[in-house]
Amino acid sequence: MSSQETSLDISSLFSSNMDEFLQAVFLNLDPASLKNSRCVSRQWNCFIKDRVWDSRVGMEGLNKKLKLMWKEGTPASVRKIRSQRCINGVKCDMQFVYCCTMEGFIDVYEIATGNIKYKLDCFPDKRSDDGSDD
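Residues numbered from 1 in each chain as written. Predicted model: local features only at pLDDT ≥ 70, side-chain atom pairs only at ≥ 80, totals over all residues. Heavy atoms only, no water.

1. Some points on unusual backbone geometry
Rules: To qualify as a helix, a DSSP run of H or I must reach at least 4 residues; to qualify as a strand, a run of E must reach at least 2; elements of each kind are numbered from the N terminus. For the exposure calls, accessible area comes from a 1.4 Å probe over protein chains only, and a residue counts as buried if that area is under 20% of its type's maximum, exposed if over 50%, partly exposed in between.
One non-glycine residue, Asn17, lies in the positive phi region at around 55°. With respect to the helices and strands, the residue Asn17 is situated in the loop between α1 (10–14) and α2 (19–27). On the accessibility criterion, Asn17 (68% relative accessible area) is exposed.

The following block contains the structure:
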């Protein structure tokens, strides 16, 4: 390294009272990158958790970004899932949509195809006792 080049160790920013700068850097990341940044080190994890997610400034920045993404974002794909049951609640991850039904089932659909993958009975003992099934 020449005498004109300088090296910046990012860990020195954590110990140099550069919280506002670091908050701005982390808040400019997309949500997946921010989440992945927590895996870099314990120091990064603690900073992101305490100074980004759990701080007023951090939450305001994240909420602003979320609203902007909600208003201006374009969904990658839209697929309707049809169920014969009355849906009481829905959760999803990157692979499946989980539909909780009023009848006590959880129907699991693949996001990629929209096809049902599993039908989980939350009360199998009760149904076998009264002779009813799906």
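2. Some thoughts on the pairing of strand β3 (residues 105–110)
Applicable threshold: Pairing between strands is defined by DSSP: at least two bridges between them are needed.
Here 5 bridges tie strand β2 (residues 96–101) to β3, and the two strands are oriented antiparallel to one another. Residue pairing in the sheet places Cys99 in a bridge with Asp107 of β3. Taken together, β2 and the strand that follows it, β3, pair antiparallel across an intervening segment of 3 residues, in which Gly104 is found at a positive phi of about 90°. Here 5 bridges tie β3 to strand β4 (residues 116–121), and the two strands are oriented antiparallel to one another. Directly across from Ile106, in β4, lies its bridge partner Leu120. Hairpin geometry of β3 and β4 is characterised by an intervening segment of 5 residues between the two adjacent antiparallel strands and by a positive phi of about 80° at Gly114.

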